[in-house]
Amino acid sequence: MAAAAFLFLFAGSFAFSSHLSGNLVSASRSFSIDYKNNYFLKDGKPFQYISGSIHYSRIPRYYWKDRLVKMYMTGLNAIQVYVPWNFHEATQGVYNFTGDRDLEYFLKLANQTGLLVILRPGPYICAEWEMGGLPAWLLQKPNIILRSADTDYLDAVDNWLAVLLPKIKPWLYTNGGNIITVQVENEYGSYYACDFNYMRHLRTMFRFFLGEDVVLFTTDGNTDKEMTCGTLDGLYATVDFGTDTNISDAFKRQRRFEPQGPLVNSEFYTGWLDHWEDQHAVVDAQKVSRVLGEMLTMGANVNMYMFEGGTNFGYWNGADHDTRFRSVVTSYDYDAPLTEAGDPTDKLLAIRDVIKQFREVPSGPMPPATPKFAYGFVMLKKVGNISSLLDTISPLGPVRSEYPLTFEEMKQYYGYMLYHTTLPQDLSEPTPLISPLNGVHDRAYVSVNGVFRGLLQRDTALVMNVTGQQGDTLDILVENMGRVNFGSKINDYKGLLSNLILGKDTLTDWKIYSLDIDGTISQGWPHSDNQRFLSQQREPSVGPTFYMGTLQPNGLAWDTFLRLNGWTKGQVWINGVNLGRYWPASGPQQTLYIPGPLLSTSLPNNITLLELEGAPEHLRVLFMDRPQLNFTAGKS
Ligand SMILES: CCCC/N=C1\SC[C@@H]2[C@H](O)[C@H](O)[C@@H](O)CN12
């Protein structure tokens, strides 16, 4: 970025850094490390933070204050917050800090609630978030080396940080705000690149925009290799570990890299994440509170990951790829002290009892769970299968290509894409349709002449049989199930990454439809032209099909949970808002959380479902007043 632009931005940020919300900064505010006495100093006095992770990107703005107050009433004095780059720059060069993306409003609410902030702006954040927070448009540059000194990557990072960091600077504690420390990158030691030029570049950028005073730190998993590649002079090294790690061993490892200074566990796991088809992860509350007490007794600073998990709305869930691709579920409940819906749990009460032994906990009642309502059953009706609705959801029509193009080549980064071609010859016998290079990313729903025939799936279903006649249509809907957010496979391209072979024929001459489902639904479809569907038959379909229904208002807009009993897998929208993926056929998640503020108290609430495989005969959905999981899902 041009030096003049930097200087302009720097001067600008300086002009605002001298005060915040009209209050001149008193000279005594400071937050630093006392290396002699091994603790943080806040305004010159010893300070131990007891913090909890909360992600504003996973909670509707309306509920931010509710969650923050509950965290404060638990006795926390700080929160830890990620900034997902792709949440704010989904399109390159277009920045969004409004509504549910209003970071500064979130910081202001935390400040008003009496909570300090440990900010983690990445640029990579992991977090079971799509591509670990990195924007998918980075993949436009073939062979880009993410999280490295790759110039294409660093150019994009510099442009992003030049927008984000000046917004953060006025919120630093020394400038009158509540941000006490700032993390650089995220568990970099776990990443294969181990590129110190990259980490030095980030350190330079953070210092340039945030100044010399703020405490910058790193967090790494608990092995020497991770600490070796993840740490850097000038960035205070911290560790992360859960209840099954020996605390002394963990902090001895931190001491090998920080012989002096405060002990810090930046991510003390209070629970864990869930993948589709896996068992629901839980962590024992008594174990969490006991280990927390042991660390606080040692004088350690602890951040509990997560304290409030929230939801992966829309397409924001991430994925893992160890032995195989595993997509993270829509709920980020994380078995955390506050549930996905922000309800206090016994785990929270146990943690509060521990914190009382170390600091004064605010007096007064813990705010109660938000009210939930069981609105009951709603009958849906079929709108039509995807192939019959392309005029509506793909108004620009197809891109023709000899061979398949990826989502990134089509410049659509999330959701679904339709690949259309025709059968090259008669197939009277079942003929294998195969992705020899495992190129289906991630799940493909295959139809012949509009009739659903089955699916292909990354890593686990590379072949299926097809029959038909020459010239029959072959429609393949490909779902991006969330980009890998950890490890070397985060450059996770989506779509049909390589050719499909049918029998001995390589399939060619594709029509590829970018699908703007979210944009179309947000403009009122299909409810806006429901005359067209009034006579719509009720019979369910198999294969990718839209359904619609209406939840009649009852004067209440309370939280509720959508149960899709008998449905298979798909996506759901309510009043145009994408609630996320459902997959009750696999679990463990069985319901989708619907925050009450998304509902209307007086107007019909529009429900739209994209069922990818098979709908139940009854076409019913159920609004319940509690979540449901199936604990039997997944491998034994
Ligand atoms: C064994 C893999 C460890 C990967 N690290 C994880 S899994 C859950 C958490 C979150 O992703 C968090 O964003 C990471 O920093 C640490 N962590």
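Residues numbered from 1 in each chain as written. Predicted model: local features only at pLDDT ≥ 70, side-chain atom pairs only at ≥ 80, totals over all residues. Heavy atoms only, no water.

1. Considerations on the nonpolar core
Then step 1. Judged by nonpolar contacts, the single largest core of 135 residues is most densely connected at Ile79, Leu146, Tyr153, Leu515 and Phe546.
Then step 2. A total of ten residues in this core trace back to one element, the largest contributor, which is helix H5 (residues 151-168).
Then step 3. In this structure, leucine 146 is in contact with Met131, Leu134, Leu138, Leu139, Tyr153, Tyr191, Ile490 and Asn491, ignoring residues within four places of it in sequence.
Then step 4. Counting 24 residues, the second-largest nonpolar core is a separate cluster that includes Met410, Leu427, Val440 and Leu507. (Core = buried A, V, L, I, M, F, W, Y, C linked by side-chain atoms within 4.5 Å. Buried < 20%, exposed > 50% of the residue type's maximum accessible area, 1.4 Å probe, protein only. Helix = DSSP H or I, 4+ residues; strand = E, 2+ residues; numbered from the N terminus. Contact = heavy atoms within 4.5 Å.)

2. Details of the environment of aspartate 102
Then step 1. Looking at the element boundaries, aspartate 102 is found in the loop between helix H3 (85-88) and helix H4 (103-112).
Then step 2. Distance from aspartate 102 to histidine 88, taken between C-alpha atoms, is 9.3 Å for residues 14 residues apart in sequence.
Then step 3. Other than its neighbours up to four places away in sequence, aspartate 102 contacts Arg61, Trp64 and Phe97.
Then step 4. Looking at aspartate 102, its side chain comes within polar contact range of the side chain of arginine 61, at 3.2 Å. (Polar contact = N/O pair within 3.5 Å; in protein donor to acceptor, adjacent residues only side chain to side chain.)

3. Here's the deal with the packing of helix H9 (residues 285-297) against helix H10 (residues 346-355)
Helix-helix packing is characterised by the crossing angle of the two axes and by the distance between the axes.
Then step 1. Between H9 and H10, whose axes approach to 9 Å, the crossing angle comes to 20°. Put simply, H9 runs roughly parallel to H10. For the pair H9 and H10, the sense of crossing is right-handed. Where H9 approaches H10, its residues Ala285, Gln286, Val288, Ser289, Leu292, Gly293 and Leu296 are matched on the opposing element by Lys347, Ala350, Ile351 and Val354. (Axes fitted to C-alpha atoms, helices over the stretch in contact; angles between N-to-C directions. Parallel < 35°, antiparallel > 145°, perpendicular 65-115°, else oblique. Left-handed = near helix turned anticlockwise from the far one by under 90°.)

4. Looking at the site of the ligand
Then step 1. Residues in close proximity to the ligand total 14 residues, the closest being Tyr82, Ala127, Glu128, Asn186 and Glu267.
Then step 2. A distance of 2.9 Å separates an oxygen atom of the ligand from a polar atom in the backbone of alanine 127.
Then step 3. Bound to the protein, the ligand loses 77% of the 420 Å² it would expose on its own.
Then step 4. Its residues assigned to classes, the shell around the ligand shows ten nonpolar, one polar and three charged. (Near = heavy atom within 4 Å. Areas by Shrake-Rupley, 256 points an atom, 1.4 Å probe, with all protein chains shown as cover. Nonpolar A, V, L, I, M, F, W, Y, C, P; charged D, E, K, R; others polar.)

5. Some points on the environment of leucine 474
Then step 1. Residue placement: leucine 474 occurs in strand S25 (residues 473-479).
Then step 2. Between the C-alpha atom of leucine 474 and that of glutamate 340, which follows or precedes it by 134 residues, the distance is 40 Å.
Then step 3. Not counting the four nearest positions on each side in its chain, leucine 474 is found in contact with Tyr419, His420, Thr421, Thr422, Leu423, Val446, Ser447, Val448 and Leu507.

6. Focus: the pattern of salt bridges
Then step 1. Within this structure, the stated rule accounts for 29 salt bridges.
Then step 2. For arginine 326, the salt bridge identified is with aspartate 278, shortest N-O distance 2.7 Å. On the criterion of sequence distance, the pair formed by arginine 326 in strand S15 (residues 325-327) and aspartate 278 in the loop between strand S12 (264-269) and H9 is long-range, its members being 48 residues apart. This pair shows no difference in class: arginine 326 is buried, exactly as aspartate 278 is.
Then step 3. Residues participating in the shared-partner salt-bridge network are Asp66, Arg67, Lys70 and Glu308. (Salt bridge = Lys/Arg side-chain N within 4 Å of Asp/Glu carboxyl O.)

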